[in-house]
Amino acid sequence: MSEHGWFLDHERYWVATNEADAYPLRQGDLIRDLIVDGERWTAAQIVHPTCELGKPSVGRVQVARVRALDDIRDAAGRRLVTLGYRDIGGKHVVAVAHTFFLAPWPNHDKPAFVDFRELATVERNAISQEARAATMTHDCRVSWIRRWIYFRLRLIMTFARVREMEARRIANDPRFEGPRPEWAPLAV
Amino acid sequence: MFWYGGLTMPTPIDPESVGHRRLKNHLSEVLRETVHKGRAVPISNHGKIDGYLVPPAAVEEMQWAERMRDTLPLLMAAVQAGAAIPSTTLDELGIEIPFDWRKLNRFGANYPVTLTHGEDGEPLTWIDDEIEIELIEEDDTELEL
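Owing to the predicted nature of the structure, the values given are computational and were not obtained by experimental measurement.

What counts and how
- Residues numbered from 1 in each chain as written.
- Chains lettered and ligands numbered in written order.
- Predicted model: local features only at pLDDT ≥ 70, side-chain atom pairs only at ≥ 80, totals over all residues.
- Heavy atoms only, no water.
- Helix = DSSP H or I, 4+ residues; strand = E, 2+ residues; numbered from the N terminus.
- Rg over C-alpha atoms; globule rule 2.2 N^0.38 Å.
- Buried < 20%, exposed > 50% of the residue type's maximum accessible area, 1.4 Å probe, protein only.
- Contact = heavy atoms within 4.5 Å.
- Lys, Arg positive; Asp, Glu negative; His and termini not counted.
- Salt bridge = Lys/Arg side-chain N within 4 Å of Asp/Glu carboxyl O.
- Nonpolar A, V, L, I, M, F, W, Y, C, P; charged D, E, K, R; others polar.
- Pairing = 2+ DSSP bridges.
- Axes fitted to C-alpha atoms, helices over the stretch in contact; angles between N-to-C directions.
- 1 Å grid on protein atoms, 1.4 Å probe; cavity = no way out; pocket = protein on both sides within 12 Å on 5 of 7 lines; lining within 4 Å.
- Points joined across faces, edges and corners; volume = space filled by probe spheres on them.
- Domains from an automatic or database assignment.
- Patch = residues over 30% accessible without salt bridge, like charges linked within 9 Å, V, L, I, M, F, W, Y side chains within 5 Å.
- Areas by Shrake-Rupley, 256 points an atom, 1.4 Å probe, with all protein chains shown as cover.

The next thing to look at is the overall build of chain B. The secondary structure content of chain B amounts to 5 helices and 3 strands. Reading chain B from its N end, one meets helices and strands in the order β-α-α-β-β-α-α-α. Taken over C-alpha atoms, the radius of gyration comes to 25 Å for chain B, far larger than the 15 Å a tight globule of 145 residues would show. Along the longest, intermediate and shortest principal axes, the C-alpha atoms of chain B span 80 × 45 × 30 Å. The proportion of buried residues among the 145 residues of chain B is 32%. Sequence separation of 24 or more characterises 39% of the internal contacts of chain B that already satisfy a separation of 6 or more.

Have a look at this one:
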C-alpha cells in the first residue's frame, strides 16, 4: 500500500503561537519543564487520551519524554528517527517505532523526538495551557496516532484511514472544543 | 544466462538440457553436477525445454532485483533531494549523503513509499480494509477505589 512516510512536513506540526490559545490541551501537545521522579525533563508530550484530560477523577496524566535529536550520538540514529523507516536491501522497514520525530516548535529551534518507552505520570495540575510549549495541529495528531498504534499494537494503517476514523469521531462530538479540522465538520 | 533486471551477476546456464526421465531418476546427481555449482539447468521434455532448475541464490537474487525495481526510484529521488535516507543499498554503493534533518523530513513527508516490513522484520499487513469505522457510545461511570 503506497503511502507517504510516517511524519508530516515540519511546517505542518504546530499551531501558530497566536492561535494556540483557542486550542485546549490535547494528546500530542508538548509541556515544558517537568520534574519526573526528581529528574528535570526539558519537555514532555501528553500521551494521555484527550477525552480523559478534562475529567475531575483523573489525578495523574500520562506523558512521554521529549529528547533533543542531538542527544542521539550517531548520525545513523538521527536519520532513523527523522524518517521512521529504512531501506534494507530493497525492503522498506519500519525503524525505531518507539519514537516520533518532533519538528522544532515555537521558541525552540532544534528538532527533537518523543520516546514512547520513557513514560511517566505527572500530577494533573502540572500540565496546563500555560505550561504548554507547543500545540499539535490536528493533522499532525493523526500521524502521531498512526505511529502510536503501530508501536503499541503493531497494527499499520494509512494516514488517510486514521484520519477518516478521527474525522468520524470528531464530527459526531458536539462538545469538541476549539477550532475543528476542516476534514471533520460537525455532523448534522 | 539468467540476468535479473541487469543488476546482479548472471547465473550461467548449462548447455546440456536434462530430460524428465533423467531428472526423475537421478535428481541428486543432476543437482550435484549443476545447481550445487551455481548453474541453472534447462529441463526438457521430448527435446523441448519446459523449465529450468535454478540455484536458490538465483531465486534470492531475482527477488532482490524485484525489490530493487521498486526501491531504486525512491533512492534516486533521495539522492537528488539530498535526503540522507538510511539505506543499506546506498551504503553498498558507497553513496553518502550528509544528514540535514529538514531535507530528510521533507523527503519523507512527500515521497510515497510502501512500507513492507515491520520493525522486527515481519512482513506488514495493512489493516485499512479490516477495520470498520463505527461510533462507540462511551460510558463515563467511574470506579470507586
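Let us keep going from here.
Attention now moves to the side chain of Arg79 of chain A. The topology assignment puts Arg79 of chain A in helix H3 (residues 75-83). For the buried residue Arg79 of chain A, which engages in no salt bridge, the nearest side chain bearing the opposite charge is Asp91 of chain B, 4.7 Å off. Beyond its immediate stretch of four places on either side in the chain, Arg79 of chain A contacts Ala84, Ile85, Pro86, Ser87, Phe99 and Leu104 of chain B.

Bringing the interface of chain B and chain A into the picture now. With 44 residues of chain B at the contact, the number on the chain A side is 50 residues. The residue Glu11 of chain A makes a salt bridge to Arg106 of chain B at a minimum N-O spacing of 3.5 Å. Of all elements in the fold, only helix H3 (56-81), helix H4 (88-92) and helix H5 (101-110) of chain B reach the threshold of two or more residues within the side of chain B that touches chain A. With 9 residues, H5 of chain B is the single largest residue contributor to the side of chain B that touches chain A. Classifying every residue of the side of chain B that touches chain A by side-chain character gives 22 nonpolar, 12 polar and 10 charged.

A word on the sheet that holds strand E8 (residues 132-134) of chain A. All names here are of chain A. Here we have 6 strands laid out as an open sheet, ordered E6-E7-E3-E2-E1-E8, and antiparallel in their pairing. Each edge of the open sheet is held by one strand with a lone partner, namely strand E6 (99-102) and E8. Within this sheet the neighbouring strands show an average axis-to-axis angle of 55°, counted without direction.

The next subject is the environment of Val54 of chain B. By the secondary structure assignment, Val54 of chain B is in the loop between strand E3 (48-53) and H3. For Val54 of chain B and Ala40 of chain B, which are 14 residues apart along the polypeptide, the C-alpha to C-alpha distance reads 4.4 Å.

Residues and elements named next belong to chain A. Summarising the sheet, strand E2 (residues 39-46) and strand E3 (residues 60-68) pair through 3 bridges and their orientation is antiparallel. Of the residues in E3, the one forming a bridge with Ile46 is Val63. One ladder, built from 9 bridges, connects E3 with strand E7 (residues 112-123); its direction is antiparallel. Note that in E7 the partner of Arg67 across the bridge is Phe113.

Residues and elements named next belong to chain A. In this structure, strand E1 (residues 30-36) lies alongside E2, joined through 6 bridges in antiparallel fashion. Residue pairing for E2: Val36 is matched across the bridge by Glu39. Here E1 hands over to E2 after 2 residues, with Asp37 in that stretch at a positive phi of 50°. For E1 and E8, the ladder comprises 2 bridges, and the chain directions are antiparallel. Among the inter-strand pairings, Ile31 is bridged to a residue of E8, identified as Arg132.

All names here are of chain B. Spatially, the 3 strands line up as an open sheet ordered E1-E2-E3, and their pairing is mixed. With partners counted over all chains shown, the strands left at the sheet margins are strand E1 (18-19) and E3, one partner each. Relative to strand E2 (residues 41-45), E1 is paired through 2 bridges, and the arrangement is parallel. Directly across from Val18, in E2, lies its bridge partner Ile43.

Once that is clear, we can look at the layout of surface pockets. Where empty space is left in the structure can be found by rolling a water-sized probe over the atoms. Residues and elements named next belong to chain A. One number sums up the size of the largest pocket: a volume of about 1700 Å³. Elements that contribute at least two residues to the lining of the largest pocket include exactly helix H2 (50-53), helix H4 (138-153) and helix H5 (159-171). The biggest single contributor to the lining of the largest pocket is H4, with 9 residues. For the lining of the largest pocket, the class distribution of residues is 24 nonpolar, 5 polar and 16 charged. Volume-wise, the second largest pocket comes out at about 420 Å³. Arg32, Trp105, Pro106, Ala133 and Ala134 are the residues nearest the centre of the second largest pocket, which is lined by 26 residues in total. Mapped by element, the contributors of at least two residues to the lining of the second largest pocket are helix H1 (17-20), E2, E3 and E8. Partitioned by chemical class, the residues of the lining of the second largest pocket number 11 nonpolar, 6 polar and 9 charged.

The assigned domain composition of chain B is domain 1 (2-55) and domain 2 (59-97). Placing the centre of domain 1 of chain B and that of domain 2 of chain B at their C-alpha centroids yields a distance of 31 Å.

This part is about a nonpolar patch on the surface. A cluster of nonpolar residues, Val79, Leu93 and Ile95 of chain B, forms a patch on the protein surface that exposes about 240 Å² of accessible area. What makes Leu93 of chain B exposed here is its relative accessible area of 57%.

Here we come to the environment of Gly90 of chain A. By secondary structure assignment, the location of Gly90 of chain A is in the loop between strand E4 (85-88) and strand E5 (91-94). Overall, Gly90 of chain A belongs to the buried group, its relative accessible area being 5%. Measuring from C-alpha to C-alpha, the distance between Gly90 of chain A and Glu123 of chain A comes to 46 Å, with 33 residues separating the pair along the chain. Other than its neighbours up to four places away in sequence, Gly90 of chain A contacts Arg67, Met68, Thr71 and Thr89 of chain B.

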